[in-house]
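# Chains, contacts and geometry: an overview
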Amino acid sequence: MVGRGLFAEVMAAIPASAARVAMIHPRALRATGEQMREDLATTGRYSAISIEIPDAEEAKNVEVLNYCWSVLGDNGFTRTDVIVGLGGGSTTDLAGFVAATWLRGVPIVQVPTTLLGMVDAAVGGKTGINTAAGKNLVGAFHEPTAVICDLDTLVELPRAEIISGMAEVIKCGFIADPVILQRVQQDPAGILEPQSPALADAIKRAITVKANVVAGDLTESVDVVLGREVLNYGHTLGHAIELHERYRWRHGPAIAVGMVYVAELARLAGRLSDADVDLHREVLSSVGLPISYDGNFPALLDALRRDKKTRGDTLRFVILSAVAHPEMLIGPDPALVAAAYAQVQS
């Protein structure tokens, strides 16, 4: 559900069979989380508790996961009780994984409060945590009961978070819906305004792209040549950058560089035109996203080899042959992998 003034819909999304509700929220949303908990508790229908977790990527680790399990256990959570994930992408990732693993699966209602969470993390049922080996390497597929995207929450969001979330919106434009790219080109400054109709339209389009892809390949099957993996466009190098930077880089900027990288890789492999590569740089930079990076390539290459799309020792990249025409590049020449990286170095 996408719209404005939708927090009341959270209550309607909770199954009638639930006796307990756990509100998982980050420290930064303590007041909002507590207010929602009180609203649920005052109905008399539920025993509602809050589980406060660290902000951003600091929440996505096994220690926080274990803490959440302990709270659920102490409060007697059963398989008919419900978790509500309130926050950005890191919160919904963790809350989803808590729900997927407690009693082998309890219902979850996701309430993303950031642009990134709305168009990516909360939609599609992917959940997970980070480890020292990489980002989101431990996780599960667990579909939410409902996803409530209240666009009013974007009004208080820092501009940097809007810009970060735009990377995933633009990704959907490149892989499936060129109208999104046109919206950005028409008014790159206006589309960053939280109350703009252009941003609302782009969000709905991005969610539709992801929902359509997920419907055809819910669990990212290794037997599907190009299914849900298409949503990882730009993520192979992007996740490597996040790990290399110890998550000091936001997800969106890392993915933006990752998209430019695979565009360059596709061009060097003879798959993508110069004009389409230039379009990547133009659209991403117009909203303030980075299009270059200067990190240690051997360290990044090591992270690339641990990417979820890798099979054995074979690197696999989602690339484009044209806008809205994604395909796989499997086992590219190592020289091309390095040469493409040279094209995105600062």
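These remarks concern the structure in this document.

## What to know about the overall build of the chain
The secondary structure content of the chain amounts to 13 helices and 11 strands. What you see for the chain is a C-alpha radius of gyration of 20 Å, in line with the 20 Å of a compact globule of 346 residues. Here the chain holds 346 residues, and the buried ones make up 55% of them. Intrachain contacts of the chain at a sequence separation of at least 6 include 75% that bridge at least 24 residues.

## Quick notes on the layout of surface pockets
The volume enclosed by the second largest pocket comes to roughly 160 Å³. Around the second largest pocket, the lining residues are Phe297, Leu301, Arg305, Asp313, Thr314, Leu315, Gly331, Pro332, Asp333, Pro334 and Val337. For the lining of the second largest pocket, the secondary-structure elements that each account for two or more residues are α12 (297-304) and α13 (334-344). Looking at the lining of the second largest pocket, its residues break down into 6 nonpolar, 2 polar and 3 charged.

## Comments concerning the packing of helix α9 (residues 235-244) against α12
Packing of α9 against α12 leaves a shortest axis separation of 9 Å and a crossing angle of 120 degrees. Taken together, the axis directions place α9 and α12 in an arrangement best described as oblique. Handedness of the crossing formed by α9 with α12: right-handed. Note on element contacts: α12 touches α9 through Ala299, Leu300, Ala303 and Leu304, opposite Thr236, Leu237, Ala240, Ile241, Leu243 and His244. Across the contact of α9 with α12, the residue classes tally to 8 nonpolar, 2 polar and no charged.

## So, the sheet that holds strand β3 (residues 47-53)
Taking strand neighbours across the sheet as the criterion, the 5 strands line up as β3-β2-β4-β5-β8 in an open arrangement whose pairing is parallel. Of all the strands in the sheet, just β3 and β8 (146-147) have a single pairing partner and so form its edges. Here strand β4 (residues 82-87) runs beside strand β5 (residues 108-112); their pairing, made up of 5 bridges, is parallel. Residue pairing in the sheet places Gly85 in a bridge with Gln110 of β5. Relative to the sheet, helix α3 (residues 62-74) contacts β2 (20-26), β3 and β4, its axis offset from that of β3 by approximately 165 degrees. Strands β2, β3, β4 and β5 of the sheet are contacted by helix α4 (residues 89-101), whose axis makes an angle of about 165 degrees with β4.

## Remarks on empty space enclosed by the protein
A complete count under the given rule lists 2 cavities of 30 Å³ or more for this structure. If you add up the space inside the second largest cavity, you get close to 50 Å³. Around the second largest cavity, the lining residues are Gly96, Ile108, Gln110, Ala121, Ala122, Gly125, Lys126, Thr127, His142 and Pro144. Sorting the residues of the lining of the second largest cavity by element identifies β5 and β6 (126-131) as the ones contributing at least two each. Taken together, the residues that form the lining of the second largest cavity break down as 4 nonpolar, 5 polar and 1 charged.

## Digging into the side chain of Glu245
In this fold, Glu245 is placed in the loop between α9 and α10 (251-268). A relative accessible area of 17% places Glu245 in the buried class. Among the polar contacts listed, one links the side chain of Glu245 to the side chain of Tyr293, at a separation of 2.6 Å.

## Things to note about the side chain of Thr114
Looking at the element boundaries, Thr114 is found in the loop between β5 and α5 (115-121). Here the side chain of Thr114 touches Gly117 through a polar contact of 3.0 Å, landing on its backbone nitrogen. With residues near it in sequence (within four places) discarded, Thr114 still touches Gly87, Gly88, Gly89, Leu154 and Leu157.

## Describing the pattern of salt bridges
Throughout the structure, instances matching the rule amount to 20 salt bridges. Close ionic contact of Asp201 with Arg205 constitutes a salt bridge, the shortest N to O distance being 3.1 Å. Highlighted residues: Asp201 and Arg205, both in helix α8 (residues 197-216), separated by 4 residues, approximately one helical turn. Overall, Asp201 belongs to the partly exposed group, its relative accessible area being 25%. Notably, a salt bridge pairs Arg271 with Glu327, separated by 2.4 Å at the nearest N-O pair. With Arg271 in the loop between α10 and α11 (274-286) and Glu327 in strand β11 (residues 325-330), this residue pair connects regions lying 56 residues apart in the sequence.

Reading the values: rules and limits
- Residues numbered from 1 in each chain as written.
- Predicted model: local features only at pLDDT ≥ 70, side-chain atom pairs only at ≥ 80, totals over all residues.
- Heavy atoms only, no water.
- Helix = DSSP H or I, 4+ residues; strand = E, 2+ residues; numbered from the N terminus.
- Rg over C-alpha atoms; globule rule 2.2 N^0.38 Å.
- Buried < 20%, exposed > 50% of the residue type's maximum accessible area, 1.4 Å probe, protein only.
- Contact = heavy atoms within 4.5 Å.
- 1 Å grid on protein atoms, 1.4 Å probe; cavity = no way out; pocket = protein on both sides within 12 Å on 5 of 7 lines; lining within 4 Å.
- Points joined across faces, edges and corners; volume = space filled by probe spheres on them.
- Nonpolar A, V, L, I, M, F, W, Y, C, P; charged D, E, K, R; others polar.
- Axes fitted to C-alpha atoms, helices over the stretch in contact; angles between N-to-C directions.
- Parallel < 35°, antiparallel > 145°, perpendicular 65-115°, else oblique.
- Left-handed = near helix turned anticlockwise from the far one by under 90°.
- Pairing = 2+ DSSP bridges.
- Polar contact = N/O pair within 3.5 Å; in protein donor to acceptor, adjacent residues only side chain to side chain.
- Salt bridge = Lys/Arg side-chain N within 4 Å of Asp/Glu carboxyl O.

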